[in-house]
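# Fold and geometry: a report
Below, each chain spelled out in residue letters.
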Amino acid sequence: MAVTLVRTLVLYAVIILLIRLMGKRQIGELQPSELVITILLSEIASVPIQDNKVPILSSVAVLFLLVGFEILSSVIGLKSPRIRAYIQGHPVIVIRDGEIDYKALKKLRMTLNDLVCALRQKDVFDITQVSYAIFETNGKISVLLKPEYRTSTASDINIYPKDKGMPFAVICDGKVMEDVAGEAGCDMSTIKKFALSSKIPIEKILIMAVDSDGIAYIMRKDDNS
């Protein structure tokens, strides 16, 4: 049992490392080649966990080899659009100027119901409102509505509000995030001043977010947490 536990922990750590090497996009938006590699990684990693007779080093070597192939193909794809298109495919326009391209749907082996379902997942329930719809290489759909159905922006009515940038969470769960504080331009004395003005000790702060204007939003921890 102890051997199985150790082998599982080792493989878990290796898989985490390999997924990190493959990049953050691997987590949420899988390209075809990435999906294949992910499936193979899970299958190969499960073998030495189930069978202690299988050498763990051999499995780890195969895992690194597979990820090496994926990284190599990604690098080659960056330099060669033709190879990238072969590995990842092309985006396909299924609605063009408000008209459904049935040939494109047939090429994707999709039905009209599949298209309508994909649009609903993008909060589009009326297909007549769509100007363009494109199926990306990761299987997701991108939708551009007709101008009269798009959400108005401040620039549409000639209003240009000041961009305050992104608030930085300099304290999370009672701990100062030093790297984030550096990005926000806050030193420890500034953070202490914010905490003092709120009359909440740093260790009791659930979150402190500071924007570019130097305004802090502070939330206290639940006393029962």
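In this report, we go over the structure that sits alongside the text.

Rules and cut-offs
Residues numbered from 1 in each chain as written. Predicted model: local features only at pLDDT ≥ 70, side-chain atom pairs only at ≥ 80, totals over all residues. Heavy atoms only, no water. Helix = DSSP H or I, 4+ residues; strand = E, 2+ residues; numbered from the N terminus. Buried < 20%, exposed > 50% of the residue type's maximum accessible area, 1.4 Å probe, protein only. Contact = heavy atoms within 4.5 Å. Areas by Shrake-Rupley, 256 points an atom, 1.4 Å probe, with all protein chains shown as cover. Lys, Arg positive; Asp, Glu negative; His and termini not counted. Charge placed at Lys NZ, Arg CZ, Asp CG, Glu CD. Salt bridge = Lys/Arg side-chain N within 4 Å of Asp/Glu carboxyl O. Pairing = 2+ DSSP bridges. Disulfide = S-S within 2.5 Å. Expected span 1.5 Å × (residues − 1). Axes fitted to C-alpha atoms, helices over the stretch in contact; angles between N-to-C directions. Parallel < 35°, antiparallel > 145°, perpendicular 65-115°, else oblique. Left-handed = near helix turned anticlockwise from the far one by under 90°. Nonpolar A, V, L, I, M, F, W, Y, C, P; charged D, E, K, R; others polar.

## Remarks on the overall build of the protein
For the protein, the count of helices and strands is 9 helices and 8 strands. For the protein, the spread of C-alpha atoms along the three principal axes comes to 65 × 65 × 40 Å. Across the 225 residues in the protein, those meeting the buried criterion constitute 24%. Summarising the internal contacts of the protein: among those between residues at least 6 apart in sequence, 49% fall at separations of at least 24. A total of about 15,700 Å² of accessible surface is found on the protein, and carbon and sulfur atoms cover 61% of it. Charge separation in the protein, taken as the distance between the mean sites of 27 positive and 25 negative side-chain charges, equals 4 Å.

## Digging into the side chain of S131
For S131, the position within the fold is in strand β3 (residues 130–135). Not counting residues up to four positions away in its chain, the partners in contact with S131 are I95, R96, D97, G98, L144, L145 and K146.

## Remarks on the pattern of salt bridges
All told, the structure shown has 1 salt bridge when counted by the stated rule. A salt bridge links K221 to D173, with the shortest nitrogen-to-oxygen separation between them at 3.2 Å. Pair noted here: K221 is in the segment after β8 (216–220) and D173 is in the loop between β5 (168–172) and β6 (175–176), with a separation of 48 residues, a long-range link.

## Looking at the sheet that holds strand β4 (residues 141–145)
Backbone hydrogen bonds are what pair the strands of a sheet, in a parallel or an antiparallel way. Strand order in this open sheet of 4 strands is β2-β1-β3-β4, and the pairing throughout is antiparallel. The sheet is open, and its two borders are formed by β2 (99–100) and β4, each paired with just one other strand. Of the strand pairs in this sheet, β3 and β4 are connected by 5 bridges, and their pairing is antiparallel. Among the inter-strand pairings, V130 is bridged to a residue of β4, identified as L145.

## Thoughts on the state of the cysteines
The bond known as a disulfide is covalent and runs between the sulfur atoms of two cysteines. The tally for this structure, following the rule as stated, stands at 0 disulfides. Counting only cysteine sulfurs, C186 is the nearest neighbor of C172, a cysteine outside any disulfide, at a range of 13 Å. Accessibility expressed as a relative area gives 29% for C172, which makes it partly exposed.

## Here we look at helix α4 (residues 56–79)
The end-to-end C-alpha separation of α4 is 35 Å, in line with the 34 Å expected for 24 residues at 1.5 Å each. Of the positions making up α4, those classed as buried are I56, S59, V60, L63, L66, V67, E70, S73 and G77.

## With respect to the packing of α4 against helix α5 (residues 81–88)
Taken N-terminus to C-terminus, the directions of α4 and α5 make an angle of 130 degrees; their axes are 6 Å apart at the nearest point. Between α4 and α5, the angle is such that the two are oblique. As for how α4 packs across α5, the hand of that crossing is left-handed. For the pair formed by α4 and α5, the contact residues are S73, I76, G77, L78 and K79 on the first element and P81, I83, R84 and I87 on the second. Counted by class, the contact of α4 with α5 contains 5 nonpolar, 2 polar and 2 charged residues.

## Remarks on the sheet that holds strand β7 (residues 205–210)
With respect to topology, 4 strands assemble into an open sheet ordered β6-β5-β7-β8, the strand pairing being antiparallel. Either end of the sheet is taken by a strand with one partner, and the two such strands are β6 and β8. As judged from the 4 bridges shared by β5 and β7, these two strands associate in the antiparallel manner. Residue pairing in the sheet places F168 in a bridge with V210 of β7. Contacting β5, β6, β7 and β8, helix α9 (residues 188–198) crosses the sheet at an angle of about 120 degrees to β7.

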